Amino acid sequence: MLMEEQVAVGQGQASLLERGRPLDDSRAFRRCLGQYPTGVAVITASHDSGLVGMTVNSFASVSLDPPLILWSIRRESRSVEAFQSAEHFVVNVLAHDQIEVSNWFCKGHPEKFEQVAWEAGLGGAPLIHGAVAHLECQRVSIQEAGDHLILIGEVKQYAHFDGKPLTFSNGEYAMTQVLPREPACQPN
Ligand SMILES: Cc1cc2nc3c(=O)[nH]c(=O)nc-3n(C[C@H](O)[C@H](O)[C@H](O)COP(=O)(O)O)c2cc1C
């Protein structure tokens with residue numbers, strides 16, 4: 001309970017939209033998850049039968065030392081075997097003006113890389129031009145996680161570029177806007 005002189009953190013109770021159990025209504029569950037905004041990346045790799053690339057928002061940083069990141073792939077995805085076998089992959093963090101790239105790599109086009117400018121990075125994995133960051137990774141482990149696999153990669157090389165990232169929230173693309181009131185928390 002708050003004492004009189006203490007100041008409440010936050011703005012009180014927001015009005016409830018939905019609640020439930022995830023397996024009862026997966027669309028409603030996804031709407032709840034959509035309240036957590038993410039960036040958008042295209043993960044690319046080169047393997048025996050060519051190049052693969054797919055749009056994801058499951059990318060997250062994990063560890064600074066060693067430098068580890070993760071992302072997850074649906075087991076039923078067409079490129080799952082390619083990403084499981086490729087030793088390297090690249091995380092291309094998309095810029096706000098790359099919505100078409102995101103939509104392109106979300107579809108199962110056979111010739112995905114004919115429509116974008118790119119160059120080969122580590123292990124031949126495509127570095128997509130115009131992205132705001134490139135993370136060239138060596139795959140270090142694959143974890144089974146329900147209907148997805150979690151791929152963990154060690155970042156061997158990175159580059160980041162001027163520009164605002166594309167974000168994704170509640171099923172829609174968006175852009176970040178800085179709130180000038182307070183700097184973000186610096187963990188101690
Ligand atoms: C914004 C956005 C984020 C996505 N995130 C993921 C993801 O994290 N993991 C995943 O497996 N699919 C994700 N998808 C769906 C894949 O991009 C899509 O299923 C794609 O067709 C898979 O390619 P493939 O089947 O040719 O391998 C996302 C799609 C969009 C538009």
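All of the points below concern the structure found in this document. Bear in mind that the values here come from a model prediction, so they are computed numbers and not experimental data.

This brings us to the layout of surface pockets. Taken as a whole, the largest pocket spans an internal volume of roughly 1,700 Å³. Examining the composition of the lining of the largest pocket, we find that seven residues originate from one element, strand β3 (residues 50–56), more than from any other. Tallied by class, the residues present in the lining of the largest pocket amount to 15 nonpolar, 20 polar and 10 charged. Approximately 380 Å³ is the volume found for the second largest pocket. Lining the second largest pocket we find 16 residues, and of these Glu18, Arg19, Ala28, Arg31 and Cys32 sit closest to its centre. In terms of residue class, the lining of the second largest pocket is made up of six nonpolar, four polar and six charged.

Let's shift gears to the side chain of His88. With respect to the helices and strands, His88 occurs in strand β6 (residues 88–93). Apart from residues no more than four positions distant in its own chain, His88 is found in contact with Ala45, Leu122, Gly123, Cys137, Gln138 and Arg139.

This part is about the pattern of salt bridges. Under the counting rule described, the total for this entry stands at four salt bridges. A salt bridge links Glu18 to Arg31, with the nearest nitrogen and oxygen atoms 2.7 Å apart. Here Glu18, found in the segment before α1 (26–33), pairs with Arg31, found in helix α1; they are 13 residues apart in sequence, far enough to count as distant. Where Arg74 meets Glu76, a salt bridge forms, and the shortest distance between an N and an O atom there is 3.6 Å.

Thresholds applied
- Residues numbered from 1 in each chain as written.
- Predicted model: local features only at pLDDT ≥ 70, side-chain atom pairs only at ≥ 80, totals over all residues.
- Heavy atoms only, no water.
- 1 Å grid on protein atoms, 1.4 Å probe; cavity = no way out; pocket = protein on both sides within 12 Å on 5 of 7 lines; lining within 4 Å.
- Points joined across faces, edges and corners; volume = space filled by probe spheres on them.
- Helix = DSSP H or I, 4+ residues; strand = E, 2+ residues; numbered from the N terminus.
- Nonpolar A, V, L, I, M, F, W, Y, C, P; charged D, E, K, R; others polar.
- Contact = heavy atoms within 4.5 Å.
- Salt bridge = Lys/Arg side-chain N within 4 Å of Asp/Glu carboxyl O.

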